[in-house]
Amino acid sequence: MTASQHALDLLTIAATAADAKQASDLVALDVSEPLPFTDVFLLASGRNERNVLAIASEIEDRLVEAGSKPLRREGRTEGRWVLLDFGDIVVHVFHEEERIYYSLERLWKDCPAIPLVLPEVAGDGAEADRGA
């Protein structure tokens, strides 16, 4: 089993939104095989609580604009680890310290990484492969 095209489309929107708010260490994992309730995890890090909240808000805004509705949100009050569940994709936005501590990449190491292609920061319209 592999991630659905809808999940991959949502992933592109979410990763682009995270990148626009200076998220670091973006990693996408295809978790469709072991998990029956979602296809993709997107992991992102923010430098501080304010950055984590800004990243999560931008991702949620862009996915809602694309017609997707959040099923669940967790962690907004603390700003250390925000979870956004959109069904086909679950986004984890971590403070850098929590990212290291919980190490979801290690927990899900058997799941294949999904390459991310994001707009180039230089603004020249070219795209860069910043995948996992």
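Structural data are supplied above this passage.
Cut-offs and rules
- Residues numbered from 1 in each chain as written.
- Predicted model: local features only at pLDDT ≥ 70, side-chain atom pairs only at ≥ 80, totals over all residues.
- Heavy atoms only, no water.
- Phe/Tyr/Trp six-rings, centres within 6.5 Å; stacked < 30°, edge-to-face > 60°.
- Helix = DSSP H or I, 4+ residues; strand = E, 2+ residues; numbered from the N terminus.
- Buried < 20%, exposed > 50% of the residue type's maximum accessible area, 1.4 Å probe, protein only.
- Lys, Arg positive; Asp, Glu negative; His and termini not counted.
- Salt bridge = Lys/Arg side-chain N within 4 Å of Asp/Glu carboxyl O.
- Polar contact = N/O pair within 3.5 Å; in protein donor to acceptor, adjacent residues only side chain to side chain.
- Contact = heavy atoms within 4.5 Å.
- Pairing = 2+ DSSP bridges.
- Axes fitted to C-alpha atoms, helices over the stretch in contact; angles between N-to-C directions.
- Left-handed = near helix turned anticlockwise from the far one by under 90°.
- Nonpolar A, V, L, I, M, F, W, Y, C, P; charged D, E, K, R; others polar.

Q: It is not clear to me how the packing of aromatic side chains should be interpreted in this structure. Could you clarify?
A: Between two aromatic rings, the relevant description is the distance of the centres plus the angle of the planes. The tally for this structure, following the rule as stated, stands at four aromatic pairs. Here a set of aromatic residues connected by ring pairs shows up, and it is made of Trp81, Phe94, Tyr101 and Tyr102.

Q: So what exactly am I meant to see when it comes to the side chain of Asp30 here?
A: For Asp30, the position within the fold is in strand β1 (residues 24-30). The buried charged residue Asp30 lacks any salt bridge partner; its closest oppositely charged side chain belongs to Arg99, at an N-O distance of 16 Å. Engagement of the side chain of Asp30 in a polar contact is seen with the backbone nitrogen of Ala3, the distance being 3.0 Å. With sequence-adjacent residues up to four places away left out, Asp30 is seen in contact with Thr2, Ala3, Asp39, Cys111, Pro112 and Ile114.

Q: Before we go on, may I ask you to explain the sheet that holds strand β4 (residues 81-85) in this structure?
A: Two strands in a sheet stick together by hydrogen bonds in their backbones, pointing the same way (parallel) or opposite ways (antiparallel). What the five strands build is an open sheet, ordered β1-β2-β5-β4-β3; its pairing is mixed. Here the strands that pair on one side only, and so sit at the sheet edges, are β1 and β3 (72-74). Here the average twist between neighbouring strands, direction ignored, is 10°. As paired strands, β1 and strand β2 (residues 40-46) are joined by five bridges and run antiparallel to one another. Opposite Leu29, over in β2, you have Phe41 as the bridge partner. Helix α2 (residues 49-65) rests against β2, β3, β4 and β5 (89-95) of the sheet, and its axis sits at about 165° to β5.

Q: Just to check I follow, could you spell out the packing of helix α1 (residues 5-20) against α2 for this structure?
A: How two helices sit against one another is set out by the angle between their axes and by the gap between those axes. Where α1 meets α2, the closest approach of the two axes is 8 Å, and the angle between their N-to-C directions is 145°. Considering only the axes of α1 and α2, their crossing is right-handed. Note on element contacts: α2 touches α1 through Ile55, Glu58, Ile59, Arg62 and Leu63, opposite Leu10, Ile13, Ala14, Ala17 and Ala18. Broken down by class, the residue content of the contact of α1 with α2 amounts to eight nonpolar, no polar and two charged.

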